[in-house]
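Observations on chain architecture
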Amino acid sequence: MSFVLAGLTLRPLSETELNWVWSIDRSEQIEALYEWREGVLHKQEVVIDLRGWPEGDPEKYHPEHEEAFHRGAWFMGVFKDDRLVAAVGLDRLPLGPQGDWRQLFFLHVSQALRGQGMGACLLDQAKKQAILWGAKAVYVSATPSVNTVDFYRAQGFVIAPEPDPRLFALDPEDIHLLCHLAT
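A brief structural summary. Think of each chain on its own: its residues are numbered from 1, step by step along the sequence as written. With pLDDT at 70 or above as the cut-off, local features in this predicted model cover only qualifying residues; side-chain atom pairs require 80 or more to be listed or tallied, and sums for whole chains, interfaces and linings still use all residues. Calculated side-chain values reflect all of the structure's heavy atoms, with hydrogen atoms and water omitted.

Where helices and strands are cited, they refer to DSSP runs of H or I of at least four residues and of E of at least two residues respectively, numbered from the N terminus. Considering the arrangement of structural elements, one finds Gly-89 in strand β6 (residues 83–90). Throughout, exposure labels follow a simple rule: accessible area from a 1.4 Å probe, protein chains only, divided by the maximum for the residue type, with under 20% read as buried, over 50% as exposed, and the rest as partly exposed. The exposure class of Gly-89 is buried, given its relative accessible area of 0%. Once residues within four sequence positions are removed from consideration, Gly-89 is found in contact with Trp-74, Phe-75, Gln-103, Leu-104, Phe-105 and Phe-106. Contact definition: two residues touch when any of their heavy atoms are within 4.5 Å.

Shown next as structure tokens:
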């Protein structure tokens, strides 16, 4: 699957391109974070000028993405010329009490392209892939940035009834969300 729109190309990522995810400009001005406490989202004002990736993220997550690639995970990228500017990854492993949820590994859109519908488009593609795999929901362990969580909520995600234990252990500060799919 590949198409070109306004100088951008959407196509599957190859295994060697998985490492290019870390070249996406994820700069962000974070003015608030969410915290999940006692069954309620609490918003706290902060001032974070995020530049680059948190230290250790590529080393922590890249091996997981490579393993997933080998077991049939789905990775899609948006390219401007030969540069990766947005990407989404969906794992094929079953999650949830019935095994019918799939995990959205990541959804990253370069800072310069945000607010133009690129994230919603990539998320829609991931939801369609999940449906093809027979999933009933997409699960995401989202960074607690209000921008990130509010984006997912605007796309139909709700707080997961119970966080996946493995994903919660990896990122206990994340907000765990679930989007039920119309199949």
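There is more to say, and it comes next.
If you check helix α2 (residues 118–132), its first and last C-alpha atoms are 21 Å apart, about what 15 residues at 1.5 Å a residue would give, namely 21 Å. Here α2 has its buried residues at Met-118, Gly-119, Leu-122, Leu-123, Gln-125, Ala-126, Lys-127, Gln-129 and Ala-130. In this scheme, a helix's expected span is set at 1.5 Å multiplied by one less than its residue total.

All right, on to the side chain of Asp-171 then. For Asp-171, the position within the fold is in the loop between α4 (165–170) and β10 (175–180). A polar contact is formed between the side chain of Asp-171 and the side chain of Tyr-61, at a distance of 2.6 Å. Here a polar contact means two N or O atoms within 3.5 Å. Within protein one must be a hydrogen donor candidate and the other an acceptor candidate, and residues neighboring in sequence count only if both atoms are side-chain atoms.

Relative to the elements of secondary structure, Arg-71 occurs in the loop between α1 (57–70) and β5 (74–80). Counting along the chain gives 22 residues from Arg-71 to Leu-93, while the straight-line C-alpha distance between them is 8.3 Å. Not counting residues within four places of it along the chain, the set of residues in contact with Arg-71 comprises Asp-91, Arg-92, Leu-93 and Phe-105. Side-chain polar atoms of Arg-71 contact the side chain of Asp-91, separated by 2.7 Å.

A separate point is the pairing of β10. Burial of β10 is extensive: five of the six residues sit out of reach of the surface. By the bridge criterion, two bridges tie strand β9 (residues 158–159) to β10 in an arrangement that is antiparallel. From the neighbouring strand, Val-158 faces β10, where its bridge partner is Leu-178. Here, strands pair whenever DSSP counts at least two bridges between them.

With that settled, consider the pairing of strand β3 (residues 28–37). Bridging between β3 and strand β4 (residues 40–50) involves nine bridges; their strand directions are antiparallel. When the sheet's bridge partners are listed, Arg-37 is paired in β4 with Val-40.

Turning to the nonpolar core, a few remarks are in order. Among buried residues, the Ala, Val, Leu, Ile, Met, Phe, Trp, Tyr and Cys ones that are joined through side-chain atoms within 4.5 Å form a nonpolar core. Leu-104, Leu-122 and Tyr-152 are the most contacted members of the largest nonpolar core, which has 34 residues in total. Residue contributions to this core peak at five residues, all from α2. Those residues within four positions of Leu-122 in sequence are excluded, and the remaining contacts are Leu-10, Met-76, Val-78, Ala-86, Ala-87, Val-88 and Leu-107. Val-21, Ile-24, Phe-75 and Phe-106 belong to the second largest nonpolar core, which has 15 residues in total.

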